[in-house]
Amino acid sequence: MPNLHCTTILLVTRGLDPVGTGRQIELVAAGLQAAGWDIHVALTTRGGSLAERLAAAGCSVHRVGRRPVVDPAVAGALAALVARLRPAVVTAWGRSQIATMPAVRLVAPAVRLVGWLARPAGGGLVVAGLRRLDRVVAASLGAAESCRRFGVAAGRIEHIAPGIAPPSGRGLSRGAIAAALGLDPARQWTLCVAPLEADTRLERLVWAMDQLGVVRKDLQHVLVGAGPMHARVHRRARVHEVAERLVVVPHCGLLPELFGQVRLVWQSGTVALGGAVLDAMAADVPVVAVASDAARQLIVDGETGWIAPPLPESEFPRRAFKILEEESQAARMAAAGAARAAACFPAAASVAAHVALHERLAG
């Protein structure tokens, strides 16, 4: 049970949508609340519908950053919030939040610090943050190994696999979703969720859209993400003449509804939890991803989806084409993916492990 002297846990996150990392935060926050904790959330960037969802669920939300990226001022604002709230545990979700933990340690040396990492660590600020944590929750074996390489003792690393449950939307019609996002309801839709950063290799995604467009004129693609590559993605889309078929939005509160309408979820690069891959599996949507730590963790190649090699680049659109063209294969992979999500990534087990860790640290 929570420590009687402090029942507060502070979750630190970017502004996200309720998929991928955002969905993990939503599930864990609910589990911690059910265990009796008072959950506060610090948002280090603007955007996303996760904050509103958490506030509606009874969490206290604090905005310590209002830019689209985590800037240096965030660390000071977060440290001031921690000094005021005096939480039992602060959990930083993702690399940019872990990088702010040295400032928190300075103002609150006794607070227990946890960092959640779903892709390999890198960068001096992130490594400095990792070394000041009491525990690192590695969502994948690759993330755990990277922590060891950077000097985090094995005893401070906890491997907790992500958990997922089928998304629940508001029952919006396809027409309503199309109108909200500027999509053509008569076309078939694909979805990718990824930050617009170099690691996500979105040039590979845009090229794949171009290749698919040669044989499939009925496709329209949704890319949900924000970041410094925004202008470059739009430029490449114009060069490859797919701009008319590509809709890019920085955040999308309709993602739970959108899963029920897309034919394919795909991922072109390195993104925590594959972006929307795990969520898609739970929602009976077939998936394709270029090989990465997340893809290998989540997908059984050829059974629950396809893992495409980075080279030749033609393999990525070719595997996507097979799913789009072969409805029986798509249905088989979707069903296998849903079964794998339920069996290997149950939300209850993942949340229970997070709750147990927080209670051990706070006790």
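Our structure is the block above this text.
All figures in this text were calculated on a predicted structure; none of them were measured in a lab.

A. Main features of the overall build of the chain. Counting its secondary structure elements, the chain contains 16 helices and 13 strands. In terms of C-alpha radius of gyration, the chain reaches 20 Å, essentially the compact-globule figure of 21 Å for 363 residues. Referenced to the eigenvectors of the C-alpha coordinate spread, the extents of the chain come out at roughly 65 × 40 × 40 Å. Here the chain holds 363 residues, and 57% of them are scored as buried. Nonlocal contacts in the chain, meaning residues at least 24 apart in sequence, comprise 67% of its contacts between residues at least 6 apart. Carbon together with sulfur atoms contributes 55% to the accessible area of the chain, which is approximately 14,200 Å² in total.

B. Examining the side chain of arginine 340 more closely. Position of arginine 340 relative to the elements: it lies in helix H15 (residues 327–344). For the buried arginine 340, which has no salt bridge, the nearest side chain bearing the opposite charge is glutamate 303, at an N-O separation of 7.1 Å. Polar side-chain contacts of arginine 340 include one of 2.7 Å to the backbone oxygen of leucine 298. For arginine 340, the residues in contact, after removing those within four places along its chain, are Met281, Gln297, Leu298, Ile299, Val300, Thr304 and Phe345.

C. Representation of empty space enclosed by the protein in the model. Taken as a whole, this structure holds two cavities of 30 Å³ or more when the rule is applied. Residue lining of the largest cavity: Pro18, Val19, Arg23, Glu26, Arg53, Ile164, Ala165, Pro167, Ser168, Pro256, Phe259 and Asp279, and that is the complete set. Grouping the amino acids of the lining of the largest cavity by side-chain chemistry returns seven nonpolar, one polar and four charged. The wall of the second largest cavity is formed by Glu197, Ala198, Arg201, Leu202, Glu203, Val206, Met229, Arg232, Val233 and Arg236. Breaking the lining of the second largest cavity down by element, the ones donating at least two residues are helix H9 (202–215) and helix H10 (230–239). Counted by class, the lining of the second largest cavity contains five nonpolar, no polar and five charged residues.

D. Looking closely at the packing of H9 against helix H14 (residues 315–325). Close contact between H9 and H14 brings their axes to 9 Å; oriented N to C, the two are set at 50°. In terms of their interaxial angle, H9 and H14 are classed as oblique. The way H9 lies across H14 gives a crossing that is right-handed. Contacts between H9 and H14 involve Arg204, Leu205, Trp207, Ala208, Gln211, Leu212 and Val215 from the first element and Phe316, Pro317, Ala320, Phe321 and Leu324 from the second. Of the residues assigned to the contact of H9 with H14, the class counts are 10 nonpolar, one polar and one charged.

E. Local environment of the pairing of strand E8 (residues 188–193). Across the six residues that make up E8, a large majority, five, are buried. By the bridge criterion, six bridges tie E8 to strand E9 (residues 219–224) in an arrangement that is parallel. Within E9, the residue paired with threonine 190 across the bridge is histidine 221. One crossover worth recording links E8 to the parallel E9 by way of H9, and it is right-handed. Where E8 meets strand E11 (residues 262–267), three bridges bridge the pair, whose relative direction is parallel. Residue pairing across strands places leucine 191 opposite valine 265, the latter belonging to E11.

Scoring rules and cut-offs
- Residue positions are counted from 1 within each chain, in the order its sequence is given.
- Where local features are concerned, this predicted model is filtered to residues with pLDDT of at least 70; where side-chain atom pairs are given and counted, the filter is 80 or more; whole-chain, interface and lining totals use all residues.
- To obtain the side-chain values, all non-hydrogen atoms of the structure were used and water was disregarded.
- Secondary structure follows DSSP: runs of H or I at least 4 residues long count as helices, runs of E at least 2 residues long count as strands, and numbering of each begins at the N terminus.
- The quantity called the radius of gyration is restricted to C-alpha atoms. Its globule counterpart is 2.2 Å times the number of residues to the power 0.38.
- Think of it in three bands: residues with accessible area under 20% of the maximum for their type are buried, residues over 50% are exposed, and the middle band is partly exposed, with areas taken using a 1.4 Å probe on protein chains only.
- The contact criterion used is simple: two residues touch if any of their non-hydrogen atoms lie within 4.5 Å.
- For every accessible area listed, the method is Shrake-Rupley and the probe measures 1.4 Å; residues are considered covered only by the protein chains on display.
- Asp and Glu are treated as the negative residues and Lys and Arg as the positive ones, with His and the ends of the chain left uncounted.
- The term salt bridge refers to a pairing of a side-chain nitrogen on Lys or Arg with a carboxyl oxygen on Asp or Glu at a separation within 4 Å.
- Two N or O atoms count as a polar contact when they lie within 3.5 Å, although within protein this holds only if one can serve as hydrogen donor and the other as acceptor, and sequence-adjacent residues are included solely when both atoms are side-chain atoms.
- Of the grid points, spaced at 1 Å and generated over the protein atoms alone, those admitting a 1.4 Å probe that cannot get out make up cavities, while open sets with protein on both sides within 12 Å along at least five of seven lines make up pockets; any residue with an atom within 4 Å of a point is treated as lining.
- Grid points are joined across faces, edges and corners, and a volume is the space filled by probe spheres set on the points.
- Under the convention adopted here, Pro, Cys and the residues Ala, Val, Leu, Ile, Met, Phe, Trp and Tyr are nonpolar, Asp, Glu, Lys and Arg are charged, and Gly plus all remaining residues are polar.
- A fitted line through C-alpha atoms represents every axis, and for helices the fit uses only the stretch in contact; the resulting angles, taken between N-to-C directions, go from 0 to 180 degrees.
- Relative orientations are named as follows: roughly parallel for angles under 35 degrees, roughly antiparallel for angles over 145 degrees, roughly perpendicular for angles from 65 to 115 degrees, and oblique for any other angle.
- Left-handed describes a crossing whose near helix is turned anticlockwise from the far helix by less than a right angle; the clockwise case is right-handed.
- One requirement defines pairing of two strands: DSSP has to find at least two bridges between them.
- A right-handed crossover is one whose linking path, passing over the helix from the first strand to the second, runs clockwise when the strands point away from the viewer.

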